[in-house]
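Spelled out from the first residue to the last, the chains are:
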Number of protein chains: 2
Amino acid sequence: MSNRIRSGTAVLKTSAAIFAALGDETRLGLVTKLTGGEPQSIAHLTAGTKLTRQGVTKHLRVLEEVGVVRSLKVGRESRFALEAKALDDARGYLDHVSQQWDDALARLKAFVEQE
Amino acid sequence: MSNRIRSGTAVLKTSAAIFAALGDETRLGLVTKLTGGEPQSIAHLTAGTKLTRQGVTKHLRVLEEVGVVRSLKVGRESRFALEAKALDDARGYLDHVSQQWDDALARLKAFVEQE
DNA sequence: GTCATAGGCAACCTCCTGGTTGCCTGTGTT
DNA sequence: AACACAGGCAACCAGGAGGTTGCCTATGAC
């Protein structure tokens, strides 16, 4: 049932994990850098930051674990690229919440105006 | 320039803060509970969780600080409600990233197929 | 007035996270 | 072969996050 209904708490857990991964300025910066299209090496991604290569590596692993990013080895370097699905999941969650919220507000408004 | 262009790093910082706030299962659960529409008291929000009232309060403060939630005092209780704007901001960021990413992929595809 | 309820404040504790450094391995390059 | 470059692994450290407990205040109910 990987793509089926999944219990609400499971959605919550995976969504939270993705948000947590995105909830760090450095990591969000990496994600932004990766929107360029081409997969980039760790050394390349490190350039421009104030961090060590190891520091950046750790962040990349975090992003990879929740599926926001994918790594592929090319020769001696490992390049990272965005993975749209996880981002879509996160967006999906926000869409869902916003939708529920809007509906609720609409209902409240209707109720108030009904008199 | 609160609603104007804002430098990229500022967007990064505030987005990261919102994601970080959402990046906790308990907090995401609270957000979900609040999509119902009516503002809810702390005691009410605590019921059903395994946490202390104080624990929940802390989480609510976190959500409030990044603007995901708003609190209003009613008598002796303080009720919390969702605030759509912050969620929209987060969604906006994801939309932007996805868009950039899709565009980049399209360009790559065009480039490869051009031969 | 008295009591119960809703919440704020502060101290405290534990564990995770972000970050570093040092060293080892693997892959190119010349 | 010798060297340089890209990265992995592990230990280590400081600070922040999640969570609890204890106590105090304010508001509502009787």
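Keep in mind that this is a model prediction, so the values were computed, not measured. Per chain, residue numbering runs from 1 following the sequence as it is written. For naming, the first written chain is A and the first written ligand is 1, with later ones following in the order written. Under the rules for a predicted model, residues below a pLDDT of 70 receive no local features and side-chain atom pairs below 80 are neither given nor counted, while totals for whole chains, interfaces and linings still include all residues. The side-chain numbers reported here are obtained from all heavy atoms of the structure, hydrogens and water having been left aside.

Novice: I tried to follow the pairing of strand E2 (residues 69-74) of chain B on my own but got confused; where do I start?
Specialist: In the case of a regular strand, side chains alternate between the two sheet surfaces. All names here are of chain B. Here a strand pair is declared whenever DSSP counts at least two bridges between the two strands. The way it works is that DSSP assigns letters per residue, a run of H or I at least four long becomes a helix, a run of E at least two long becomes a strand, and they are numbered from the N terminus. For E2 and strand E3 (residues 77-82), the ladder comprises 6 bridges, and the chain directions are antiparallel. Within E3, the residue paired with lysine 73 across the bridge is serine 78. Counted between consecutive antiparallel strands, the loop separating E2 from E3 contains 2 residues, among which glycine 75 sits at a positive phi close to 60°.

Novice: Help me understand the interface of chain B and chain A in this model?
Specialist: Quite often, the size of an interface is put as the accessible area lost when its parts meet. Each partner contributes to the interface: chain B provides 37 residues, whereas chain A provides 37 residues. The term buried area means the drop in 1.4 Å probe accessible area that two parts suffer when joined, counted for both and summed. For the pair chain B and chain A, the summed buried surface comes to about 3,000 Å²; carbon and sulfur atoms form 72% of the total. Area buried by chain B at its contact with chain A is led by Arg91, Leu94 and Trp101 of chain B, which between them contribute 21% of it. Basic side-chain nitrogens of Lys or Arg form a salt bridge, by our definition, when they fall within 4 Å of a carboxyl oxygen of Asp or Glu. Applying the counting criterion to the chain B and chain A interface returns 2 salt bridges. Only heavy atoms enter the contact rule, under which two residues are in contact if any of them lie within 4.5 Å.

Novice: Whenever I open this one, the relation of the copies chain B and chain A confuses me. Can you help?
Specialist: Each of the two chain copies can be generated from the other by rotation about an axis followed by a shift along it. What sets the superposition is a least-squares fit of C-alpha atoms, and only residues with pLDDT of at least 70 in both copies go into it. Expressed as a screw transformation, the operator carrying chain B onto chain A has a rotation angle of 180° and an axial translation of 0.0 Å, and the superposed copies differ by an RMSD of 0.0 Å. The relationship between the two copies is best expressed as a two-fold rotation axis. Interface overlap between copies is the fraction of interface residues in one copy that are interface residues in the other; for chain B against chain A it reaches 100%, indicating a shared surface.

Novice: Explanation requested: the pattern of salt bridges in the structure shown.
Specialist: A side chain with one charge may pair with a side chain of the opposite charge, provided their charged atoms come close. All names here are of chain A. According to the stated counting rule, one finds 13 salt bridges over all chains in the structure shown. Residue arginine 61 is joined to glutamate 64 by a salt bridge in which the shortest nitrogen-to-oxygen separation is 3.2 Å. Of the two residues, arginine 61 and glutamate 64 both sit in helix H4 (residues 53-65), 3 residues apart, roughly one turn of that helix. Note on arginine 61: relative accessible area 39%, which makes it partly exposed. The shortest N-O distance in the salt bridge between arginine 79 and glutamate 77 comes to 2.8 Å. The exposure class assigned to glutamate 77 is partly exposed, which follows from its relative accessible area of 30%. The classification of residues rests on relative accessible area computed with a 1.4 Å probe and restricted to protein chains. Under 20% of the type maximum is buried, over 50% is exposed, and intermediate values are partly exposed.

Novice: Is there a simple way to explain the sheet that holds strand E2 (residues 69-74) of chain A in this structure?
Specialist: Where strands meet in a sheet, backbone hydrogen bonds hold them as pairs that are either parallel or antiparallel. All names here are of chain A. Spatially, the 3 strands line up as an open sheet ordered E1-E3-E2, and their pairing is antiparallel. The open sheet has two free edges, formed respectively by strand E1 (40-41) and E2, since each of these has just one partner strand. An axis is simply a line fitted to the C-alpha atoms; with a helix, the fit covers only the stretch in contact. Between two such axes, the angle follows the N-to-C directions and lies from 0 to 180 degrees. This element, helix H2 (residues 25-34), spans E1, E2 and strand E3 (77-82) of the sheet and lies at about 85° to E3. Docked against the sheet, H4 engages E2 and E3, running at close to 120° with respect to E2.

Novice: Looking at this structure, I do not really get the sheet that holds strand E1 (residues 40-41) of chain B. What am I missing?
Specialist: Residue and element names in this part refer to chain B. Strand order in the open sheet made by the 3 strands is E1-E3-E2, with antiparallel pairing throughout. At either end of the open sheet lies a strand with only one pairing partner, and these are E1 and E2. Helix H2 (residues 25-34) contacts E1, E2 and E3 of the sheet and is inclined by roughly 85° relative to E3. Where helix H4 (residues 53-65) meets the sheet, it contacts E2 and E3, and its direction lies at approximately 120° from that of E2.

Novice: What's the story with helix H1 (residues 8-22) of chain B in this structure? I'm lost.
Specialist: What sets the pattern is the α-helix's 3.6 residues per turn: residues three or four places apart point alike. Expected span of a helix, by definition, is 1.5 Å for each gap between consecutive residues, and there is one gap fewer than residues. The terminal C-alpha atoms of H1 of chain B, which comprises 15 residues, lie 21 Å apart, in line with the 21 Å expected from a rise of 1.5 Å per residue. Within H1 of chain B the residues assigned to the buried category are Leu12, Ser15, Ala16, Ile18, Phe19, Ala21 and Leu22 of chain B.

Novice: Can you help me understand H2 of chain B in this one?
Specialist: Along H2 of chain B, the residues that are buried comprise Arg27, Leu28, Gly29, Leu30, Val31 and Leu34 of chain B. Polar contact criterion, stated in full: a pair of N or O atoms within 3.5 Å, where within protein one must be able to donate a hydrogen and the other to accept it, and residues adjacent in sequence count only if both atoms are side-chain atoms. Two or three places before threonine 26 of chain B, at the opening of H2 of chain B, aspartate 24 of chain B has a side-chain oxygen 2.8 Å from that residue's backbone nitrogen.

Novice: Looking at this model, I keep getting lost on the protein's contact with DNA strand C. Mind explaining?
Specialist: What makes a residue near a molecule or strand is one non-hydrogen atom of that residue sitting within 4 Å of it. Taken together, 22 residues lie around DNA strand C, and Lys58, His59 and Gly75 of chain A together with Ala43 and Arg61 of chain B are the ones closest in. Each atom of DNA strand C within 4 Å of the protein belongs either to a base or to sugar and phosphate, the latter forming 55%. Here a base oxygen of DNA strand C sits 2.8 Å away from a polar atom, N or O, in the side chain of arginine 76 of chain B. For the surface near DNA strand C, the elements supplying multiple residues, two or more each, are H2 and H4 of chain A together with helix H3 (42-46), H4 and E3 of chain B.

Novice: Help me out: how do you make sense of the packing of aromatic side chains in this one?
Specialist: Aromatic ring pairs are described here by two measures, namely the spacing of the ring centres and the angle between the planes. Think of it this way: a Phe, Tyr or Trp ring, Trp meaning its six-membered ring, pairs with another when their centres are within 6.5 Å, and the plane angle makes it stacked under 30 degrees, edge-to-face over 60, tilted otherwise. According to the stated counting rule, one finds 3 aromatic pairs over all chains in the structure shown. Measuring from centroid to centroid gives 6.1 Å for phenylalanine 19 of chain A and tyrosine 93 of chain A, while their planes differ by 75°, and the two rings are edge-to-face. Note that phenylalanine 19 of chain A is positioned in helix H1 (residues 8-22) and tyrosine 93 of chain A in helix H5 (residues 84-114), a separation of 74 residues in sequence. You'll find phenylalanine 19 of chain A and tyrosine 93 of chain A in the same group, each marked buried. Grouped by ring-pair contacts, the aromatic residues Phe19 and Tyr93 of chain A together with Phe19 and Tyr93 of chain B constitute a single cluster.

Interpretation in functional terms is not warranted from these geometric data alone.
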